[in-house]
Amino acid sequence: MEENMEANDSTSTPANDSTTPSLYKTPEPTDLAQSSGQPVSNSTGKRVLCIEDEAFIGDLYKHALLKAGYQADIINDGKTGLDMAQTGNYDIILLDIVIPQLLGIDVLHELRKNPDLKSKIIIATNLEQDDETRAAVEKEADAYIIKAEITPSQLVEFLKNF
């Protein structure tokens, strides 16, 4: 919706200066926070760690999450993702299954060994899994989504449940 209204053609868009109407550039939540030094007013206060090796998907998720007021970190490998997740600094962890260095299922098993970890873990995958495997993953995770079946804005709406 709003993102489709932003003009990308610099030849037809006036420069963004103090005389330019605000409809030509909608500031991102991070722009507002940086320019004012104040927290973003629509901030959820929730931190999301997205462990996703596909840069395009990670970028889409990060943009949608920031726009909705979440703080978001995108990590592209399982080992680094596990290290960051174990800090306990995240409310929600979006975890892909097939990621380099350490598979998502192994990250999930390691995280569940820590009873003090309060993060909600949501598996985000495109893999077709047999019912038994999927049931086992769902038993350990707090939720399970198929990335191909959910848009970034639908993901944001889904995360409001956590």
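In the block above lies the structure referred to throughout.
Rules behind the numbers
Residues numbered from 1 in each chain as written. Predicted model: local features only at pLDDT ≥ 70, side-chain atom pairs only at ≥ 80, totals over all residues. Heavy atoms only, no water. Axes fitted to C-alpha atoms, helices over the stretch in contact; angles between N-to-C directions. Helix = DSSP H or I, 4+ residues; strand = E, 2+ residues; numbered from the N terminus. Parallel < 35°, antiparallel > 145°, perpendicular 65-115°, else oblique. Left-handed = near helix turned anticlockwise from the far one by under 90°. Contact = heavy atoms within 4.5 Å. Nonpolar A, V, L, I, M, F, W, Y, C, P; charged D, E, K, R; others polar. Pairing = 2+ DSSP bridges. Core = buried A, V, L, I, M, F, W, Y, C linked by side-chain atoms within 4.5 Å. Buried < 20%, exposed > 50% of the residue type's maximum accessible area, 1.4 Å probe, protein only. Salt bridge = Lys/Arg side-chain N within 4 Å of Asp/Glu carboxyl O. Right-handed = clockwise from strand over helix to strand, strands pointing away.

S.K.: What exactly am I supposed to notice about the packing of helix 3 (residues 55–67) against helix 7 (residues 152–159) here?
M.R.: Relative orientation and spacing of two packed helices are given, respectively, by the angle between their axes and the distance between those axes. The N-to-C vectors of helix 3 and helix 7 enclose an angle of 55°; their axes lie 9 Å apart at closest approach. By the angle between their directions, the pair helix 3 and helix 7 is classed as oblique. As for how helix 3 packs across helix 7, the hand of that crossing is right-handed. Within the contact between the two elements, helix 3 uses Leu60, Tyr61, Ala64 and Leu65 and helix 7 uses Pro152, Leu155, Val156 and Leu159. Here the contact of helix 3 with helix 7 is composed, by residue class, of eight nonpolar, no polar and no charged.

S.K.: So what exactly am I meant to see when it comes to the sheet that holds strand 2 (residues 71–75) here?
M.R.: Strand-to-strand pairing in sheets goes through backbone hydrogen bonds, with the strands running parallel or antiparallel. In space, the five strands of this open sheet follow the order 2-1-3-4-5, with parallel pairing throughout. Each edge of the sheet is formed by a strand with only one pairing partner; in this case those strands are strand 2 and strand 5 (143–146). Put simply, the sheet's adjacent strands are angled 20° from each other on average, direction ignored. In this sheet, strand 5 lies alongside strand 4 (residues 120–125) in parallel orientation, the contact comprising four bridges. From the neighbouring strand, isoleucine 122 faces strand 5, where its bridge partner is alanine 143.

S.K.: What exactly am I supposed to notice about the nonpolar core here?
M.R.: For soluble globular proteins, the rule of thumb is that nonpolar side chains tend to be buried together. Membership of the largest hydrophobic core comes to 20 residues, with the highest contact counts inside it found for Ile93, Leu95, Leu111 and Ile123. Taken together, the elements giving at least two residues each to this core come down to strand 1 (47–51), helix 4 (78–85), strand 3 (92–95), helix 5 (104–112), strand 4 and strand 5. Residue contributions to this core peak at three residues, all from helix 5. In this view, leucine 95 contacts Ile51, Gly104, Val107, Leu108, Ile121, Ile122, Ile123 and Ala124; residues no more than four positions away in its chain are not counted. If you look at the next biggest cluster of nonpolar residues, it comprises 18 residues, including Ile57, Ala72, Ala143 and Ile150.

S.K.: Please explain the pattern of salt bridges as it appears in this structure.
M.R.: Opposite charge on two side chains makes pairing possible when the charged atoms of those side chains draw close. Enumeration over the complete set of coordinates arrives at seven salt bridges. Between lysine 113 and glutamate 110 there is a salt bridge, with the nearest N and O atoms lying 2.9 Å from each other. Accessibility expressed as a relative area gives 31% for glutamate 110, which makes it partly exposed. If you follow the salt bridges from partner to partner, you end up with Glu52, Asp96 and Lys147 in one network.

S.K.: I tried to follow the pairing of strand 4 on my own but got confused; where do I start?
M.R.: It is a general feature of regular strands that their side chains alternate between the two faces of the sheet. Counting buried residues along strand 4, five of its six residues qualify, which places the element largely inside the surrounding structure. Across four bridges, strand 3 lies against strand 4 in parallel orientation. Across the sheet, residue leucine 95 finds its bridge partner in strand 4, namely isoleucine 123. For the crossover from strand 4 across helix 6 (residues 131–140) to strand 5, the handedness is right-handed.

Purely spatial values, then, with no claim about function.
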